[in-house]
Amino acid sequence: MRNCLAIVDFPSVKKFVFGTDRAREIRGASALLERLNVVDLPRSLEKEFEGRIRPVFFSGGAGLFTVESATPAELDAALERIDDKIHSASAGGLHLDWSVVELGTGAEAFAAANRRAHILLAGRKGIAKRPRPRERLGVFDECHSCSSPGVSVRWTEDGQEEWICGTCKAKRDNRREGRSWRDLAERLGLQGHPEEHRPDDFSWLAARSIRKGYAGLVYMDGDAMGRVIKSIAHPDHYRVFSKVVDESLRAAVGKVIGAYREKWRNRREDRLPADVLLLGGDDLVMVTTADLALPMAIGISAEFRSATASEFSAKGMKIEGLDQKGLTVSAGVAFFKDRQPFRVVLEQAESLLRSAKRARAEAKADEGFVDFADVSQSRFVALEDVRRIGQGIGSGTELTCWPRSASRAEAFLESARSVVEAGVTKGRINQLAAVAGRQLNAGFETRRLIARAKRAEQREALLRFFESNGMGENPPWAFEGRIRRTAIADLATLFPHLEANP
Ligand SMILES: [Zn+2]
């Protein structure tokens, strides 16, 4: 018998975790997924293959391990049994995909097997699993929470009675068990049950935004991870790599939330200024106030980079495609209203993340990128429509400078804050944005509007804003090849969410 390598994957993670809009179910689903992925799965494998299993990583909705002296058939059978357990623990909400390959010998064996296993797994995606019956009582009723047919439990809370399905119950049962949240509370030295420090729900956060009723969704993940991972030749390196990525992202999130918590202390808030909904591997989904969403995303991006850089150099890790500056994460950030369906907002944030990554790849940048949109007013569901119709993307004249590199995003935020601090009015910014939108005589009109600002410091702050965003020479435009862009509409969007001294 040879040694085998297997990768496992929870294919429907986002659908499971964000399948319903309520914070308590999202948290419970996330907690349950974490437990099954990080604790139960390796434990079950250890039981099946006593002493022969070598875990590489289990996190972020996936896992990788090797088994000594086993056949692929033996592994397949064991994973079937474990899949059954996962299925029943989540009442049919989660299942496992996997692929198993035999490990060859020689220095390249691990990397080759890893690549083959990934290809095999990708080929298996979307193939239906064998059907399994779901527990249900009232076959003709719909779950009050997720609307799936067939309810199985009566749930009473705060004097309200609901009939819900087993999956929603499994989520609710786990909502106070989140490992990532507990870890965050420990990092920040919080006393009492970690959940007591958690924002009540998204409305709680939205009520604490500078512009009330708006919250910010931050969706981040690692750049070019796949490429780096495929080049790792030794399982020990892979193990260290995964651990550094996972640990660095947690540290970055903890540091940034901790820093804003300090600022919040003056406001006498007893809860943290953000809710972490998904955190594992190189993946992060988080909700915060609208005004903190961009600064937090930029902060996490910077912290992650320096944390991975110092960890890898401390461990003497040299991996192809990895430089001394560390790994980067990109972000999609969306402002939304707390009453919007969360699933839709998440999808929009996900497409913002994708466009941030595309822009990063096109720019061949060595830092993370951020894309941002206010999706609260939009009746378009597809973000591409918001961009194409509302902002002229692809027309040669673009009314936005998003996506930006993390450092440019930071410079934009800083220059925007100076405009607010100088007392420039919202009306003036809207006039400037309107002028750029009309395009005709935009240069002349922009200069005229800047000159008409009352005080010298306001005129200076505006000029500085145009200069630091690349629009100094031909306001309101920044030219890049044959495309012209303006950041003034970005400022108008952000303006109501800024305060002078954050
Ligand atoms: Zn349900």
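Keep in mind it's a predicted model, so treat the numbers as computed, not measured.

Student: Could you give an account of the overall build of the protein chain, naming the residues involved and the relevant values?
Tutor: When you go through the protein chain residue by residue, the secondary structure sums to 17 helices and 17 strands. Here the C-alpha atoms of the protein chain give a radius of gyration of 25 Å, agreeing with the 23 Å that 2.2 N^0.38 yields for 502 residues. C-alpha atoms of the protein chain, sized along the principal axes, occupy 80 × 60 × 45 Å. Of all 502 residues assigned to the protein chain, the portion counted as buried reaches 46%. At a minimum sequence separation of 6, the contacts of the protein chain that also span at least 24 residues come to 69%.

Student: Give me the lowdown on the sheet that holds strand S14 (residues 397-398), citing residues and values where you can.
Tutor: Ordered in space as S14-S17-S16, the three strands form an open sheet in which the pairing is mixed. Of all the strands in the sheet, just S14 and strand S16 (478-480) have a single pairing partner and so form its edges. In the sheet, S14 pairs with strand S17 (residues 483-485) via two bridges, with the strands oriented parallel. Its bridge partner lying in S17, threonine 397 is registered against arginine 484.

Student: Quick rundown of the domain arrangement of the protein chain? Include the residues and the values.
Tutor: Many structure descriptions define interface size as the accessible area lost when the parts assemble. In terms of domains, the protein chain is made up of domain 1 (4-124), domain 2 (138-173), domain 3 (179-391) and domain 4 (410-497). In this structure, domain 2 and domain 3 have C-alpha centres spaced 31 Å apart.

Student: An account of helix H11 (residues 342-363) is requested, with residue identities and associated values reported.
Tutor: Between its first and last C-alpha atoms H11 spans 31 Å; for 22 residues at 1.5 Å apiece the expected length is 32 Å, and the two agree. Where H11 terminates, the next one or two residues include lysine 364, which has phi positive at roughly 50°.

Student: Go over the pairing of strand S2 (residues 53-59) with me, naming the residues and quoting the values.
Tutor: Here six bridges tie S2 to strand S3 (residues 62-67), and the two strands are oriented antiparallel to one another. Among the inter-strand pairings, serine 59 is bridged to a residue of S3, identified as alanine 62. Counted between consecutive antiparallel strands, the loop separating S2 from S3 contains two residues, among which glycine 60 sits at a positive phi close to 60°.

Student: Can you break down the packing of helix H9 (residues 235-264) against helix H10 (residues 290-314) residue by residue, with the values?
Tutor: Contact geometry for H9 and H10: axes closest at 8 Å, N-to-C directions at 140°. Classified by the angle their axes make, H9 and H10 are oblique. Remark: the crossing between H9 and H10 carries right-handed chirality. Of the residues in H10, those touching H9 at Val244, Val245, Ser248, Leu249, Ala251, Ala252, Val253, Lys255, Val256 and Tyr260 are Leu292, Met296, Gly299, Ile300, Glu303, Phe304, Ala307, Thr308, Glu311 and Phe312. The residue makeup of the contact of H9 with H10, split by class, is 14 nonpolar, three polar and three charged.

Student: How would you summarise unusual backbone geometry if you had to cite specific residues and measurements?
Tutor: Of all residues except glycine, most have a negative phi; of all peptide bonds, most are trans. With an omega of -5°, the peptide bond running from tryptophan 402 to proline 403 counts as cis. Locating proline 403 in the fold gives a position in the loop between S14 and strand S15 (404-405). Between proline 475 and the following residue, proline 476, the backbone shows a cis peptide bond with an omega angle of 5°. Tracing the chain through its elements places proline 476 in the loop between helix H16 (456-468) and S16. A positive phi angle, near 50°, is found at aspartate 158, a position not held by glycine. Within the secondary structure, aspartate 158 is located in the loop between strand S7 (153-157) and strand S8 (160-164). Classification of aspartate 158 by C-beta neighbours within 10 Å gives exposed; the count is 4.

Student: Explain helix H13 (residues 406-421) to me, and be specific about the residues and the numbers.
Tutor: Helical periodicity: at 3.6 residues per turn, an α-helix aligns residues three or four positions apart in one direction. The end-to-end C-alpha separation of H13 is 22 Å, in line with the 22 Å expected for 16 residues at 1.5 Å each. Buried within H13 are the following residues: Ala406, Arg408, Ala409, Phe412, Ala416, Val419 and Val420. Burial along H13 is one-sided: seen end-on, the buried residues are contained in an arc of 160°. In the core, the buried residues of H13 are packed alongside H10, strand S13 (369-374), S15, H16 and helix H17 (488-494). Downstream of H13 by one or two residues, glycine 423 has phi in the positive range, about 85°.

Student: Run through the packing of helix H6 (residues 179-187) against H9, naming residues and quoting values.
Tutor: The N-to-C vectors of H6 and H9 enclose an angle of 55°; their axes lie 10 Å apart at closest approach. Of the possible angle classes, the one that applies to H6 and H9 is oblique. Every pair of crossing elements has a handedness; the one defined by H6 and H9 is right-handed. For the pair H6 and H9, contact is made by Asp183, Leu184 and Arg187 and by Arg250, Val253, Gly254 and Ile257, respectively. Looking at the contact of H6 with H9 residue by residue, the class counts come to three nonpolar, one polar and three charged.

Cut-offs applied
- Residues numbered from 1 in each chain as written.
- Predicted model: local features only at pLDDT ≥ 70, side-chain atom pairs only at ≥ 80, totals over all residues.
- Helix = DSSP H or I, 4+ residues; strand = E, 2+ residues; numbered from the N terminus.
- Rg over C-alpha atoms; globule rule 2.2 N^0.38 Å.
- Buried ≥ 20, exposed ≤ 12 C-beta atoms within 10 Å, placed from the backbone.
- Contact = placed C-beta atoms within 7 Å.
- Pairing = 2+ DSSP bridges.
- Domains from an automatic or database assignment.
- Expected span 1.5 Å × (residues − 1).
- Axes fitted to C-alpha atoms, helices over the stretch in contact; angles between N-to-C directions.
- Parallel < 35°, antiparallel > 145°, perpendicular 65-115°, else oblique.
- Left-handed = near helix turned anticlockwise from the far one by under 90°.
- Nonpolar A, V, L, I, M, F, W, Y, C, P; charged D, E, K, R; others polar.
- Arc of directions from axis to C-beta.

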